[in-house]
Amino acid sequence: MATQYYDPENSASHYTFLPDQPDSGHRKSLKIISGIFLSVFLLLSVAFFPILNNQSPDLQINSRSPAPPSRGVSQGVSDKTFRDVAGASHVSYAWSNAMLSWQRTAYHFQPQKNWMNDPNGPLYHKGWYHPFYQYNPDSAIWGNITWGHAVSKDLIHWLYLPFAMVPDQWYDINGVWTGSATILPDGQIMMLYTGDTDDYVQVQNLAYPANLSDPLLLDWVKYKGNPVLVPPPGVGVKDFRDPTTAWTGPQNGQWLLTIGSKVGKTGIALVYETSNFTSFKLLDGVLHAVPGTGMWECVDFYPVSTEKTNGLDTSYNGPGVKHVLKASLDDNKQDHYAIGTYDLAKNKWTPDYPELDCGIGLRVDYGKYYASKTFYDPKKERRVLWGWIGETDSESADLQKGWASVQSIPRTVLYDKKTGTHLLQWPVEEIESLRAGDPIVKEVDLQPGSIELLGVDSAAELDIEVSFEVDKVALQGIIEADHVGFSCSTSGGAASRGILGPFGVIVIADQTLSELTPVYFYISKGADGRAETHFCADQTRSSEAPGVGKQVYGSSVPVLDGEKHSMRLLVDHPIVESFAQGGRTVITSRIYPTKAVNGAARLFVFNNATGASVTASVKIWSLESANIRSFPLQDL
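- Identification of the protein chain as beta-fructofuranosidase from Solanum arcanum is taken from an unreviewed UniProt entry.
- Per UniProt, the protein chain has the following entry under Sequence similarities (unreviewed entry): "Belongs to the glycosyl hydrolase 32 family."
- Taken verbatim from the UniProt record of the protein chain, the Subcellular location (unreviewed entry) comment is "Vacuole lumen".

What follows is the structure in structure tokens.
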């Protein structure tokens, strides 16, 4: 029997959005007159509810505690402590146990307790999907980083396994950090990972399964000659981490992989070659470099087909193939990617669109999402993406609830043939197995300034698909030059009204709309008549608690001729993953409601535009909880 520590050696409500005092055509605040017309048996009532970032008068706040210390920076990794943009992350809110219990997700993967961060070395082996992950077995804050391990048959229902690797050698005693798996043609699995040494130097180490015939890969052996790579000359000892999955080189038996680093403020991807995964040679030059982007960590590099609809193995190359370069930027904690052309012989990757280069262009996810990693799934011939959804609350709250962070729903990744610039990310099809019965289907006509309640039994676990058709006369005839340069993050959120937006869905709201999280489109038009669509998620009023993240996330999203404005939302208690236009733009929201919990969560559609009506076609599925549990010990 294995021990936990494994030593490897439809009722509708209508509201009207009313502006506060205008400011250069934009509103800085918003109030809602709420008239609830459920039936003639219900009392018509009108009440004003503040839906800006105001505190309720009966809010109880504990006294301020000292700001938490930095976690990880002294060891040369990104700070794992959330720093609220308002500097109030050390304000302690009086969370009840019921509120904190509600925050536990129902179908996102997370450990039974304690801290989690980066996904590591995902792979498919003998019928099982294996994700590994950064884990602190001792606390709900970052530290003592160990490799957690789980398996699944379907990427939805999970079994916890004993730890894969623990920090127990001089070359990883300060942390078994991020790494990737490479599966060789004979089936051997090579796991390269970053170790933080006893002298706080980042080195690369090799591990492999002790028994390849074991479908669960319970036992892992660390190579006795570790480390296999140390920082090269000119690279800082704390600027050398996170090896990628390797791909085959131009010579027979040659393998290549890339590792993130920086020179000054220039982010770079180094490339090494090997034939045996125990000795490596640094190739001349770099795979790619982008000035001003800072340290690149958790680099990912993989091919996508411009012709087919399936994913490609990491070593695939040739006609009809582009390569994606993705980097997690340590300076701003954002995952960026770009699509380009890879010259295998010259060891060079070039972005197809320099203005969208890695680190200055598109992001994998515009919300709370970081350290993403993909792997090729040979079972369904798809590339699958995972990402770390961190916390945006106080460490004291995390310690109180006993856990921190989850993994995103696995997403398939494809090349967007229509734009040629974007990836398409979409929840794996297996998530649909959690849909409980037939969907609620509804079509709602939304006049300017209207909002409608959608009756669902539970608004905390949902799969929502919505398409919006904007009034064509308004869309084609209106020129809104004053909104040129619109940005989700600086717009003021869903309370800021324009002629053509915002319109969308409100999730995890209480009945009075004192807490709400709108996910929406906003269309701006310039003097040339061209429309630009933005996809945003507004968390500014998501919680009445202080000291939690309350930003407006989002970006522009291409909406091509003939396409409706469409979104899909996966709502799982405090996590909302939002996909626009088939996954061209994605936003992950991490929210901390105090009222919209324990059966009080509500779902609405709304149109807060001033000059255009919108028709919303809605499908809503309630989702069941995933089965996430420990593997039966007697079976180990």
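**Looking at the overall build of the protein chain**
Inference 1: Within the protein chain, the regular secondary structure consists of three helices and 41 strands.
Inference 2: Across the 636 residues in the protein chain, those meeting the buried criterion constitute 62%.

**Notes on the sheet that holds strand β6 (residues 114-125)**
Inference 1: Ordered in space as β25-β6-β7-β8-β9-β41, the six strands form an open sheet in which the pairing is mixed. Looking at the sheet topology across the chains shown, the edges are occupied by β25 (403-404) and β41 (628-630).
Inference 2: Taken together, the three bridges between strand β9 (residues 158-165) and β41 define a ladder with parallel strand orientation. In the strand pairing of β41, tryptophan 158 is matched with isoleucine 628.

**A word on the sheet that holds strand β10 (residues 176-183)**
Inference 1: Read across the sheet, four strands follow the order β10-β11-β12-β13 without closing on themselves; strand pairing throughout is antiparallel. Two strands bound the open sheet, and with one partner strand each, they are β10 and β13 (220-222). The mean angle between the axes of side-by-side strands here comes to 30°, regardless of whether they run parallel or antiparallel.
Inference 2: Sheet topology note: the strand β11 (residues 189-196)/strand β12 (residues 202-209) ladder contains six bridges and is antiparallel. From the neighbouring strand, tyrosine 193 faces β12, where its bridge partner is asparagine 205.

**A short note on the packing of aromatic side chains**
Inference 1: Throughout the structure, instances matching the rule amount to 29 aromatic pairs.
Inference 2: The interplanar angle of 70° and the centroid separation of 6.3 Å between the aromatic rings of tyrosine 129 and phenylalanine 375 together place this pair among those described as edge-to-face. Taken together, the residues span a long stretch of sequence, with tyrosine 129 in strand β7 (residues 128-136) and phenylalanine 375 in strand β23 (residues 370-377) at a distance of 246 residues. Neither residue differs from the other here; tyrosine 129 and phenylalanine 375 are each classed as buried.
Inference 3: Ring plane angle 80° and centroid distance 5.8 Å describe the contact between tryptophan 170 and tyrosine 171, whose orientation is recorded as edge-to-face.
Inference 4: Connected via pairs of aromatic rings, a cluster forms that spans Phe109, Tyr124, Tyr129, Tyr133, Tyr135, Trp158, Tyr160, Phe163, Phe375 and Trp386.
Inference 5: The ring of tryptophan 403 has arginine 104 lying over it, and the distance from NZ or CZ to the ring centre is 5.7 Å.
Inference 6: Over the ring of tryptophan 128 we find lysine 153; its NZ or CZ atom is 4.5 Å from the centre of that ring.

**Focus: the state of the cysteines**
Inference 1: The tally for this structure, following the rule as stated, stands at one disulfide.
Inference 2: The disulfide bridge from cysteine 488 ends at cysteine 536, spanning 2.0 Å between sulfur atoms. Here the S-S torsion is close to -70°, and the disulfide linking cysteine 488 with cysteine 536 is therefore left-handed. Of the two residues, cysteine 488 is situated in the loop between α3 (472-477) and β32 (503-509) and cysteine 536 in strand β34 (residues 531-538); the sequence distance between them amounts to 48 residues.
Inference 3: Classification of cysteine 488 by relative accessible area gives buried; the value is 2%.
Inference 4: Judged by its relative accessible area of 0%, cysteine 536 falls in the buried class.

**Some words on the environment of lysine 564**
Inference 1: Among the structural elements, lysine 564 can be located in the loop between β35 (552-556) and β36 (565-572).
Inference 2: Aside from chain neighbours lying at most four places away, what touches lysine 564 is Ser467, Phe468, Glu469, Val559 and Gln581.

**Considerations on the pattern of salt bridges**
Inference 1: Evaluated as defined, the whole model comprises 31 salt bridges.
Inference 2: Across the pair lysine 380 and glutamate 430 runs a salt bridge whose closest N-O atoms are separated by 3.2 Å. Taken as a pair, lysine 380 in the loop between β23 and β24 (382-389) and glutamate 430 in the loop between β28 (423-427) and β29 (440-446) lie far apart in primary sequence, 50 residues in all.
Inference 3: Here arginine 382 makes a salt bridge to glutamate 430, at a shortest N to O gap of 2.7 Å. On the criterion of sequence distance, the pair formed by arginine 382 in strand β24 and glutamate 430 in the loop between β28 and β29 is long-range, its members being 48 residues apart.
Inference 4: Taken together, the salt bridges that share partners define one network made up of Asp377, Lys380, Arg382, Glu429 and Glu430.

**A closer look at the side chain of arginine 363**
Inference 1: The residue arginine 363 is located in the loop between β22 (348-351) and β23 in this model.
Inference 2: Within the buried set, arginine 363 has no salt-bridge partner at all; the shortest N-O distance to an opposite charge, 5.9 Å, is to aspartate 365.
Inference 3: A polar atom in the side chain of arginine 363 sits 3.3 Å from the backbone oxygen of aspartate 365.
Inference 4: Apart from the residues lying within four places of it in its own chain, the contact partners of arginine 363 are Gln334, Asp335, His336 and Tyr337.

**Digging into the pairing of strand β16 (residues 266-274)**
Inference 1: Here β16 lies mainly inside the structure; eight of its nine residues are buried.
Inference 2: Where strand β15 (residues 255-263) lies against β16, nine bridges are found, and the strand directions are antiparallel. Note on β16: the bridge partner recorded for lysine 262 is glycine 267.
Inference 3: Count of turn residues in the β15/β16 antiparallel hairpin: two residues, of which glycine 264 carries a positive phi of about 65°.
Inference 4: Taken together, the three bridges between β16 and strand β18 (residues 288-290) define a ladder with antiparallel strand orientation. Across the sheet, residue glycine 267 finds its bridge partner in β18, namely valine 290.
Inference 5: Here β16 hands over to strand β17 (residues 281-282) after six residues, with phenylalanine 277 in that stretch at a positive phi of 70°.

**Structural notes on unusual backbone geometry**
Inference 1: The residue after asparagine 226, namely proline 227, is reached through a cis peptide bond having omega 0°.
Inference 2: Its location among the elements puts proline 227 in the loop between β13 and β14 (247-248).
Inference 3: That bond from glycine 501 to proline 502 is cis: its omega, 10°, falls within 30 degrees of zero.
Inference 4: Relative to the elements of secondary structure, proline 502 occurs in the loop between α3 and β32.

**Some words on the nonpolar core**
Inference 1: Ile464, Phe468, Val505, Val507, Met567 and Leu603 are the most contacted members of the largest nonpolar core, which has 56 residues in total.
Inference 2: Counting residues per element, this core draws most heavily on strand β31 (residues 461-470), at five residues.
Inference 3: When residues are assigned to domains, this core turns out to be shared by domain 1 (118-429) and domain 2 (435-622), each giving three or more.
Inference 4: Not counting residues within four places of it along the chain, the set of residues in contact with methionine 567 comprises Ile464, Glu465, Val466, Phe468, Gly504, Val505, Val519, Tyr520, Phe521, Phe535, Phe579 and Ala580.
Inference 5: Listed in part, the 27 residues of the second largest apolar core include Tyr129, Val384, Ile409 and Leu434.

**Some thoughts on the environment of proline 131**
Inference 1: Tracing the chain through its elements places proline 131 in strand β7.
Inference 2: According to the relative accessible area criterion, proline 131 is buried, its value standing at 8%.
Inference 3: Sequence spacing of proline 131 and tryptophan 386 is 255 residues, and the spatial spacing of their C-alpha atoms is 9.1 Å.
Inference 4: Setting aside residues no more than four positions away along its own chain, proline 131 makes contact with Asn120, Pro122, Gly148, His149, Ala150, Val151, Trp158 and Trp386.

Rules used throughout
- Residues numbered from 1 in each chain as written.
- Predicted model: local features only at pLDDT ≥ 70, side-chain atom pairs only at ≥ 80, totals over all residues.
- Heavy atoms only, no water.
- UniProt positions renumbered as here; feature names shortened; annotations may be inferred.
- Helix = DSSP H or I, 4+ residues; strand = E, 2+ residues; numbered from the N terminus.
- Buried < 20%, exposed > 50% of the residue type's maximum accessible area, 1.4 Å probe, protein only.
- Pairing = 2+ DSSP bridges.
- Axes fitted to C-alpha atoms, helices over the stretch in contact; angles between N-to-C directions.
- Phe/Tyr/Trp six-rings, centres within 6.5 Å; stacked < 30°, edge-to-face > 60°.
- Lys NZ or Arg CZ within 6 Å of the ring centre and 35° of its normal.
- Disulfide = S-S within 2.5 Å.
- Contact = heavy atoms within 4.5 Å.
- Salt bridge = Lys/Arg side-chain N within 4 Å of Asp/Glu carboxyl O.
- Lys, Arg positive; Asp, Glu negative; His and termini not counted.
- Polar contact = N/O pair within 3.5 Å; in protein donor to acceptor, adjacent residues only side chain to side chain.
- Core = buried A, V, L, I, M, F, W, Y, C linked by side-chain atoms within 4.5 Å.
- Domains from an automatic or database assignment.

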